[in-house]
Amino acid sequence: MTRDVFKYFKYVRSLQEATGSEKALELGYQHQARGVYIDPKTQKRYKAEGDRLVPVVDEPTAEKGGGEEKPEGKSLGQFNQDAANAAPATSALPQIPDGVSDDEFAAAKAKEFTGGRNVTPERKEFLDKVSKTLVALGNRQAASEVSDEEEPESPEEEPSSEEESETPEEESKATEEPPEKKPEDFPTLDDKIKEINVEEGKNFDGSETMGDIDIATDESINRVADISSAGVDDARFEAGRKSQKQFLDHYSKDSEYRDGLNTLSKSVAKANDRKKVNEMMDAIGSGDYLREIELKKGDKRSVSELLLGAGIDVNDEKQVQQFTKAYEEISSFIGDDGYWKRGESHELVGSNLGYYESKHISQRDDLKKLDPSGVQTKAFTTASDSGSEMAGMDPVITDAVFSILPTPSRDFLSKSGSPKTFYDPREKSGQGKPNSIRGSSALHMWAMQDGRDAYALSGQRRSPGEFQVEHITPLKAGGSDSIDNFGMLLRRVNEPRADLPFDKFISQAKRKTDSIDSDISNPEVRSQFEKKYRSSSFNSVIVPKIGGSVSDLIGNDVFNKVNSSLESALGKDSSKQLKVKPEEWSKYRNDVTNYLSENGLNEGSSIKDFNSDQMNGLYDIMGENLGVDKSKLNEYMGRDLINNYDIGPRFVINKNGELERGRSGTTSSSGAILNMQNSILSDDSMSAEEKNKAITRANQEHQKFKKSRAAYIDNPNDASKYETYLEDVVSNVNFLTGEGDSPLKPGRKYDTRLTYSDKNNIDSDTINGIMSVLSLDTASVAGGKDAFSPGFQKTELTTRSKELVSGLRDKLIDGYVATSGFSADQIKNPDSLNKTQRKKIEPLISALENINRGIGES
């Protein structure tokens, strides 16, 4: 049975593989049989002969005295309707020996879909529909092409010279009535908007564009003011009400097509590999729904089966077309690396409230009175107002599109907004881990808002990567991470809003509007932003090279990577002004080469072997030419040589007050510890050999510390794990302060040319480093983050732990004595201090109280 099924498909595929004349395809003619093409408008047939298309003259019949009448062309949906109404007949395909009937094939395919499992009646009904559609598709193609191939060739009359000179296009114009206009022949408002954007630099709301920058106009501001003044029940928001209801109904539960969606996301759109997705979309574009996609070895699925499994009915041409267009539009915002592209102005403004958005949000006094439902209703009207093709898009289509996006793009939306728990209707609490339901709901909101901010309601359509899920009622004000509380805001709107109530947020927007023109419209300020943003691109390329030779920093690959990363992140047009010009790169290389020559160095010299003066000079040149901060370069060198940029997993204090691992990611290193480690790189008091040993030892100490910290997070009630953590804290601090067998000098001095502040010194960093690794800083404790402090421990400290903590306490006191002017007696007896004195060392007093509580001392 299975073998016959594959024979059936193989035969159908062979019927589809005939190729046609390039000229016929250019004219939009459809392939009908070998070398024969049909004009879909006139139903006239042409045969390809060399580089010409010759009209096919059908043989007259005795009964009709004329050529055989060709059947009128039908759509896929019409064909299947006719097939459903027709009386039972034999298959249009030639009989295959020992083959199966259409009904037997459909039944076998439906059973194959279940994998032998019992399914619900609804699921069985759906799978039957899938299998019958596959049969209908095969019959449609076979009936059309087999009949043409078996039809005897009609003798062709020699065309007259006049006929020969007439092209098919001219003949059609001369003999046919003008073709009836179809909906697709009329430009949509969205098409007009795109045309206006290109020609006049205007958005649908009347605002203007300059590159990637939106410029507010009286027209755009008045439009938002009108929306603000209209009640949410106004007829103008009817489209928004319908879209919102559809949104809430759909995403309040899991999709009935989840199995099919999972197949797309896990087997077709694997990670960032677009090969299978591209193959599937190519098949859809050519109408080849029977083309098979290999999911894994031995498992092939037809495009029709994949689409139907995800809820896209291949018989519904309108739905397929909307799916294709939505995918194309959304994919245009994704870079080659699978991540969302972000606009230039987004990157330059960062987390500051955008000036353009503030001008429109300052008109939104209605936000003070609207509940989340009202906010969504007005925002969801945006796509309809702009005439977008995404207006009224079925969430089923959004789910299918979301499932074939690259994994990084999907993950971005699923986690957007970064709550502690994420909306998931499959969980009893409605909360769980990042998931595709939440991610698809975010993408659908973006589509209903036509890629515009839910509060500003204006501007260009922007990449989903510039947006974050907004909690309309802030989480800290009792709001929840749920679809009825979601909106999509530009990051530069969402982050400034934070937990502010609407009255304060709108006041913030009004102050911004009144106080400045624009961060990015002011050429001088804009230039500073551009330089800073470009330098961050250099930083990302330089990080893995800074510990090597100078040649690694001046190679053309750095130049090319920076420019390609700018274009990937911002797009070709937006990145044009930010890219490094060849003459700029040439100047930088010459400056470095001349500097090396003056100092008796060469391009093969290793930077870590430079003395502090040589290192500082090289970093000055890089800062001047590339815009990078030399203190950051020193930090990046530490990352490369010591691998010290993080201290391991994140953690949280759960609702029971217990320590547990947080979401994926790591915690950044304490700035004080980094200073102590990275100062080794420019320490001229050691020989080159001693310096290399110190760098190696710093790496070893840091990795030990990370390992024991992670072990304690996973076993917070195991007193021995906390003891090991304290051992590694003490070992690290002693090494960095030059105690024991450390090659570093006690009381060593920093080269402050390479530090973030000339106020950094070994004593202050020792104090701040201990406060950080023991969670003794006042701000951290106040935020419920004192999980590493002695006073937090739920089990009594071991004797050894108490000794280690006591030693760290003494180091804290010694550091304060060296830097604050207080004596050890004053610090140990804070009650003897007056109010002013006590305030100066309040953080230390709080830390000592925590330590004493942990070791059982008063």
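Within every chain, residues take consecutive numbers counted from 1 along the sequence as written. Reporting of local features is limited, given that this is a predicted model, to residues whose pLDDT is at least 70; pairs of side-chain atoms are given and counted only at 80 or more, and all residues count toward the totals for whole chains, interfaces and linings. Hydrogens and water are ignored here; the side-chain numbers use all heavy atoms of the structure.

Enquirer: Whenever I open this one, the overall build of the chain confuses me. Can you help?
Expert: For the chain, the count of helices and strands is 39 helices and 14 strands. The classification of residues rests on relative accessible area computed with a 1.4 Å probe and restricted to protein chains. Under 20% of the type maximum is buried, over 50% is exposed, and intermediate values are partly exposed. Per-residue burial over the chain gives 49% buried out of 858 residues. In the chain, the proportion of contacts linking residues at least 24 apart, taken out of those at least 6 apart, comes to 68%. What sets the accessible areas is the Shrake-Rupley method with a 1.4 Å probe; for residues, cover comes only from the shown protein chains. Total accessible area computed for the chain in this model is approximately 42,400 Å², and 47% of it derives from carbon and sulfur atoms. Under the DSSP-based scheme used, a helix requires at least four consecutive residues in state H or I and a strand at least two consecutive residues in state E, with every element numbered from the N terminus. Whether two residues are in contact is decided by their heavy atoms: any pair within 4.5 Å suffices.

Enquirer: Help me understand helix 36 (residues 799–820) in this model?
Expert: Working note: α-helix, 3.6 residues per turn, so residues spaced by three or four point in the same direction. With 22 residues, helix 36 extends 31 Å between its outermost C-alpha atoms, agreeing within 8% with the 32 Å of an ideal straight helix rising 1.5 Å per residue. Against helix 33 (719–736), helix 34 (762–773), helix 37 (824–828) and helix 39 (842–855) lie the buried residues of helix 36. Two residues or fewer past helix 36, Gly821 is found with a positive phi of approximately 85 degrees. Expected helix span is computed as 1.5 Å times (number of residues minus one).

Enquirer: How should unusual backbone geometry be read in this particular structure?
Expert: When glycine is set aside, most residues are seen to have a negative phi, and most peptide bonds are trans. Even without a glycine there, the phi angle at Ser418 is positive, about 50 degrees. When you line up the elements, Ser418 lands in the loop between helix 20 (407–415) and strand 9 (422–423).

Enquirer: Could you clarify how one ought to interpret the packing of helix 34 against helix 36 in this entry?
Expert: Each pair of packed helices can be described by the angle between their axes along with the distance between the axes. At a minimum axis distance of 9 Å, the contact between helix 34 and helix 36 shows a crossing angle of 145 degrees. Between helix 34 and helix 36 lies a crossing of left-handed hand. Counted together, Asp763, Ser764, Ile767, Ile770 and Met771 of helix 34 and Leu808, Lys811, Leu812, Gly815, Tyr816, Ala818 and Thr819 of helix 36 form the full contact between these two elements. Geometry is summarised by axes, namely lines fitted to C-alpha atoms with helices restricted to the contacting stretch, and by angles between N-to-C directions that run from 0 to 180 degrees. Each helix crossing is assigned a hand: it is left-handed if the near helix lies turned anticlockwise from the far helix by less than a right angle, otherwise right-handed if that turn is clockwise.

Enquirer: What is the right way to read helix 39 from this model?
Expert: In this model helix 39 runs 20 Å from its N-terminal to its C-terminal C-alpha over 14 residues, within 8% of the 20 Å that 1.5 Å per residue would give. Regarding helix 39, the residues found buried are Leu844, Ile845, Ala847, Leu848, Asn850, Ile851, Asn852, Gly854 and Ile855. In the core, the buried residues of helix 39 are packed alongside helix 34, helix 36, helix 37 and helix 38 (835–840). Trailing helix 39 by a residue or two, Gly856 shows a phi angle of about 80 degrees, which is positive.

Enquirer: Which parts of the structure should I look at to understand the packing of aromatic side chains?
Expert: The way to describe two aromatic rings as a pair is by their centre distance and the angle between their planes. Pairing of aromatic side chains here covers Phe, Tyr and the six-membered ring of Trp, requires ring centres within 6.5 Å, and sorts the geometry by plane angle: under 30 degrees stacked, over 60 edge-to-face, intermediate tilted. Throughout the structure, instances matching the rule amount to 16 aromatic pairs. With a centroid separation of 6.2 Å and 5 degrees between ring planes, the pair formed by Phe538 and Trp585 is classed as stacked. Placement of the pair is Phe538 in helix 24 (residues 523–542) and Trp585 in helix 28 (residues 582–598), with a sequence separation of 47 residues. Neither residue differs from the other here; Phe538 and Trp585 are each classed as buried.

Enquirer: Sorry, what's going on with the nonpolar core here?
Expert: Within soluble globular proteins, side chains that are nonpolar generally end up buried alongside one another. Think of a nonpolar core as a cluster: buried Ala, Val, Leu, Ile, Met, Phe, Trp, Tyr and Cys residues, connected wherever their side-chain atoms sit within 4.5 Å. Counting residues in hydrophobic clusters, the biggest one holds 74 residues, and the most contacted among them are Met280, Ile284, Phe323, Ile404, Leu405 and Tyr455. For this core, the element with the highest residue contribution is helix 21 (residues 436–448), accounting for seven residues. Excluding anything up to four places from it in sequence, Leu405 contacts Ala269, Arg274, Tyr327, Ile330, Ser331, Ile334, Trp340, Arg410 and Leu443. The next biggest cluster of nonpolar side chains, apart from the first, holds 52 residues, and it includes Leu601, Leu618, Tyr619 and Leu626.

Enquirer: How do you make sense of the side chain of Gln244 when you look at a structure like this?
Expert: You can see Gln244 is positioned in helix 10 (residues 238–251). Using a relative accessible area of 9% as the deciding quantity, one classes Gln244 as buried. Throughout this description, a polar contact denotes any pair of N or O atoms lying within 3.5 Å of each other; where both atoms belong to protein, one of them has to be capable of donating a hydrogen while the other can accept it, and for residues adjacent in sequence the pair is counted only when both atoms sit in side chains. Polar side-chain contacts of Gln244 include one of 3.5 Å to the side chain of Thr377.

Enquirer: Got a minute to help me understand the confidence of the model for the chain in this structure?
Expert: When pLDDT drops low, the exact placement of atoms in the prediction is not to be read closely. On average, residues of the chain score 82 in pLDDT, and 76% of them reach the 70 mark or higher. Values of pLDDT, the confidence the predictor places in each residue, fall between 0 and 100. Low pLDDT, under 50, characterises residues 779–783; the predicted model gives this stretch five contacts beyond four residues in sequence or across chains.

Enquirer: Looking at this structure, I do not really get the side chain of Ser207. What am I missing?
Expert: The topology assignment puts Ser207 in the loop between helix 8 (189–200) and strand 5 (208–210). Judged by its relative accessible area of 0%, Ser207 is buried. For Ser207, the side chain forms a polar contact with the side chain of Tyr356, separated by 3.1 Å. When near neighbours in sequence (up to four residues on either side) are disregarded, Ser207 contacts Gly201, Lys202, Ile215, Thr217, Ser220, Tyr356 and Gly459.

Enquirer: Sorry if this is basic, but what is going on with the pairing of strand 8 (residues 299–302) here?
Expert: On a regular strand, each side chain points to the face opposite its neighbour's, so the side chains alternate between the two faces of the sheet. Relative to strand 8, strand 7 (residues 292–296) runs antiparallel, the two being bridged by four bridges. Within strand 8, the residue paired with Lys296 across the bridge is Asp299. Paired strands, in this sense, are two strands between which DSSP finds at least two bridges.

Enquirer: Just checking my understanding: could you explain the pattern of salt bridges for this structure?
Expert: Side chains carrying opposite charge are able to pair once their charged atoms draw close together. What counts as a salt bridge is simple: a side-chain nitrogen of Lys or Arg found within 4 Å of a carboxyl oxygen of Asp or Glu. Inspection of every chain in the model, using the stated rule, returns 48 salt bridges. In this structure, Asp366 engages Arg364 in a salt bridge whose closest nitrogen and oxygen atoms are separated by 2.9 Å. Across the pair, Arg364 and Asp366 agree in class, each one buried. The salt bridge involving Arg534 is made with Glu584; its shortest N-O contact spans 3.4 Å. Here Glu584 lies in helix 28 and Arg534 lies in helix 24, a separation of 50 residues in the sequence. Take Arg534: its relative accessible area is 15%, and that puts it in the buried class. Judged by relative accessible area, which is 32%, Glu584 ranks as partly exposed. Taken together, the shared-partner salt bridges in this structure form one network comprising Asp212, Asp214, Glu357, Arg462, Glu466 and Arg492.

Enquirer: Can you walk me through the packing of helix 29 (residues 612–626) against helix 30 (residues 630–642) in this structure?
Expert: Remark: helix 29 packs on helix 30, axes separated minimally by 9 Å, with the N-to-C direction vectors making an angle of 120 degrees. For the element pair helix 29 / helix 30, the angle class is oblique. In the packing of helix 29 onto helix 30, the handedness of the crossing is right-handed. Of helix 30, the residues touching helix 29 (which contributes Met615, Asn616, Tyr619, Asp620 and Met622) are Lys630, Leu633, Asn634 and Met637. Each residue gets one label: Ala, Val, Leu, Ile, Met, Phe, Trp, Tyr, Cys and Pro are nonpolar, Asp, Glu, Lys and Arg are charged, and the others, such as Gly, are polar. Here the residues of the contact of helix 29 with helix 30 are counted per class, giving five nonpolar, two polar and two charged. Angular relationships are summarised with four words: roughly parallel below 35 degrees, roughly antiparallel beyond 145, roughly perpendicular across 65 to 115, and oblique for the angles in between.

Enquirer: Please explain the pairing of strand 12 (residues 486–490) as it appears in this structure.
Expert: Strand 12 sits mainly inside the fold: five of its five residues count as buried. Note: strand 11 (residues 467–471) against strand 12, five bridges, orientation antiparallel. The partner of Glu470 across the bridge, within strand 12, is Gly487.

Enquirer: Is there a simple way to think about the environment of Ser565 in this case?
Expert: Within the fold, Ser565 resides in helix 26 (residues 556–570). In this structure, the C-alpha to C-alpha distance between Ser565 and Ser575, residues 10 residues apart in sequence, is 9.3 Å.

Enquirer: What exactly am I supposed to notice about the environment of Glu701 here?
Expert: Relative to the helices and strands, Glu701 is located in helix 32 (residues 688–714). Separated by 28 residues in the primary sequence, Glu701 and Val729 have C-alpha atoms spaced 8.8 Å apart. Non-local contacts of Glu701, meaning those with residues more than four positions away in its chain, are made with Ser731, Asn732 and Phe735.

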